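Structure at a glance
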Amino acid sequence: MSLSPFTKEQLLPQEEKLEIARHKSQLFIGIPKETSYQERRICLTPDAVNSLTYQGHRVMIEAGAGVSSSYTDKEYSEAGAEITQDTKKVFGCPMLLKVEPPTVAEIEMMNPKTIVLSAIQLKTRKKSYFEALSRKKITALAFEYLKDTDGSYPAVKSLSEIAGTASILIAAELMITNEFGKGLLFGNITGVAPTEVVILGAGTAGEFAARTAIGLGASVKVFDNSITKLRRLQNNLNQRIFTSTIQQKALLKALRRCDVAIGAMRGAERCPVVVSETMVEHMKKGAVIVDISIDTGGCFETSEVTTHEKPTFIKNNVLHYCVPNIPSRYSKTASLSISNIITPYLLQIAEDGGIESAIRCNPGLKNGIYLYHGILTNKAIGDWFDLPDNDINLIVF
């Protein structure tokens, strides 16, 4: 009997062990100039580009992409980015970052299997958008779907913070003496009754609107149908303010007395219309309505979409401001905010050795994916556009 160099245990069938070491990967990111109407933001600030190039990644930016966020090409090239005039070249990068979703024409310029990170703005998409991405076998992530460890959506949250804060500053601007403004100072001046503000919705935007209004000394009333949200709002503000569920009588009474009404409601499909035209007719002459929720249809019956160039209109003697995408007005703040959210994800993807292994390690990032190699992996989109969808957890283990 020949002696074997192996023990009896070693000769038994062994379980196979796969190597799971992670190899870092190099990213090559393209940032095209935003072409869609009124979009002034950019996904990465020069500082963020610097931290990526410092770690050996390549960033290619289309000339002039940061100008409307007051970042020059010079700042980007000093941060290590490659600047090019050639739009096609930027869209040829293996990974693309955009604020607005790409247009069908832009998708045509992409290479197959590109990774795209952008907003999705589901309500403005068409079926052809997903079909075009699918044909190119693209992996697409949406900012709105990226989840944090605590289950919140950081991109949605920070843009809501900007919109909420801005809504009060915009209202303060609209109340000054002009053709229609009442000549009121937003605040609390000794011996003068404070400005009265009604806020509909106790989400992040509503909370930051309340915070800003209180900071300026206004008297604030918040309405929402969720007691939990109202309680959280009071705890976050660290003070007791008037809160109420949405009851016609109480809401009408508050609207009749207020100088400013802010709409910050959210809905699953469309934002609920809480204030009817009759209620608006009862408001003071020269009162101001700022409808933040116009992005999803608006919560005042009298709201109509306006633009940054011509932001207001008068209806029933009330001044309405209904511009979708308020954060774009504060493009530098919004860009800093987006950049700070995305950069850690990008570094994580590189650290894990590419998007495939990164989504295995990070469920929040996995949640951001709505197309994986051309396969639709988001049920909400599938239902909305009547497209076949697959569970990503069955594709990526």
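Refer to the structure presented above.
Throughout what follows, the structure given in this document is the object of discussion. (Residues numbered from 1 in each chain as written. Predicted model: local features only at pLDDT ≥ 70, side-chain atom pairs only at ≥ 80, totals over all residues. Heavy atoms only, no water.)

**Describing the pattern of salt bridges**
Quick reminder of the rule: The salt bridge criterion pairs a side-chain nitrogen of Lys or Arg with a carboxyl oxygen of Asp or Glu, the two atoms within 4 Å. Here the term buried applies to any residue with accessible area under 20% of the maximum for its type, exposed to any over 50%, and partly exposed to those in between, with areas from a 1.4 Å probe on protein chains only. Each helix corresponds to a stretch of at least 4 residues labelled H or I by DSSP, and each strand to a stretch of at least 2 residues labelled E; elements are numbered beginning at the N terminus.
Throughout the structure, instances matching the rule amount to 14 salt bridges. Measuring nitrogen to oxygen at the nearest pair gives 2.8 Å for the salt bridge that ties glutamate 39 to arginine 41. Taking relative accessible area as the criterion, arginine 41 reaches 5% and is therefore assigned buried. Arginine 329 serves as the salt-bridge partner of glutamate 173, at 3.0 Å between the closest nitrogen and oxygen. One end of the pair, glutamate 173, is in helix α7 (residues 154-174); the other, arginine 329, is in the loop between β13 (318-321) and α12 (331-352), with 156 residues separating them in the sequence. Shared partners join several salt bridges into a network, and the residues in it are Glu34, Lys98 and Glu106.

**With respect to the pairing of strand β10 (residues 260-263)**
Put simply, the test is: At least two DSSP bridges between two strands are needed for those strands to be called paired.
Both faces of β10 are covered, namely the face carrying Val260 and Ile262 and the face carrying Ala261 and Gly263. In terms of strand pairing, strand β7 (residues 196-200) meets β10 through four bridges, oriented parallel. Its bridge partner being in β10, isoleucine 199 is matched across the sheet by isoleucine 262. As paired elements, β10 and strand β11 (residues 288-291) share four bridges and run parallel to each other. In the strand pairing of β11, glycine 263 is matched with aspartate 291.

**Focus on the environment of glycine 92**
Here glycine 92 shows up in the loop between α4 (87-91) and β4 (95-97). Through-space distance from the C-alpha of glycine 92 to that of glutamate 173 is 44 Å; in sequence the pair is 81 residues apart.

**Considering the nonpolar core**
To keep it simple, the criterion reads: Joining through side-chain atoms within 4.5 Å is the link that ties buried Ala, Val, Leu, Ile, Met, Phe, Trp, Tyr and Cys residues into a set, and such a set is a nonpolar core. We call two residues contacting when some pair of their heavy atoms lies within 4.5 Å.
Ranked by size, the top nonpolar core spans 41 residues in total, and within it Leu97 and Leu346 carry the most contacts. Elements represented by at least two residues in this core include exactly β1 (28-31), α2 (46-54), β2 (58-62), β4, β5 (115-118), α12, α13 (355-361) and β14 (369-372). When neighbours within four sequence positions are excluded, leucine 346 is seen to be in contact with Leu27, Ile29, Leu44, Leu52, Met95 and Leu97. Residues Phe180, Ala202, Ile292 and Tyr321 belong to the second largest nonpolar core, which totals 33 residues.

**Regarding a nonpolar patch on the surface**
Heads up, the rule is: Like-charged residues are merged into a patch within 9 Å and nonpolar side chains (Val, Leu, Ile, Met, Phe, Trp, Tyr) within 5 Å, provided each residue has over 30% relative accessible area and no salt bridge. Only the protein chains shown count as cover for residues, and all accessible areas are computed by the Shrake-Rupley method using a 1.4 Å probe.
Together, Leu185, Ile189 and Val192 line one region of the surface with nonpolar side chains, adding up to about 290 Å² of accessible area. Note on placement: leucine 185 falls in the loop between α7 and β7. By relative accessible area, leucine 185 is classed as exposed at 61%.

**Here's the deal with the packing of α7 against α12**
Keep this limit in mind: Whenever a helix is involved, its axis is fitted only over the stretch in contact; in every case the axis is a line through C-alpha atoms, and angles between N-to-C directions fall within 0 to 180 degrees. By the definition adopted for this analysis, an angle is roughly parallel if under 35 degrees, roughly antiparallel if over 145, roughly perpendicular if from 65 to 115, and oblique otherwise. Two helices that cross are described as forming a left-handed crossing if the nearer one is turned anticlockwise from the farther one by less than a right angle, and a right-handed crossing if clockwise. In this count, Pro and Cys sit with the nonpolar residues alongside Ala, Val, Leu, Ile, Met, Phe, Trp and Tyr, while Asp, Glu, Lys and Arg are called charged and the others, Gly among them, polar.
At a minimum axis separation of 10 Å, α7 and α12 run at an interaxial angle of 165°. Between α7 and α12, the angle is such that the two are roughly antiparallel. The way α7 lies across α12 gives a crossing that is right-handed. Here Pro154, Ala155, Ser158, Leu159 and Ile162 of α7 lie close against α12, whose contacting residues are Thr333, Ala334, Ser337, Ile341 and Tyr345. Looking at the contact of α7 with α12 residue by residue, the class counts come to seven nonpolar, three polar and no charged.

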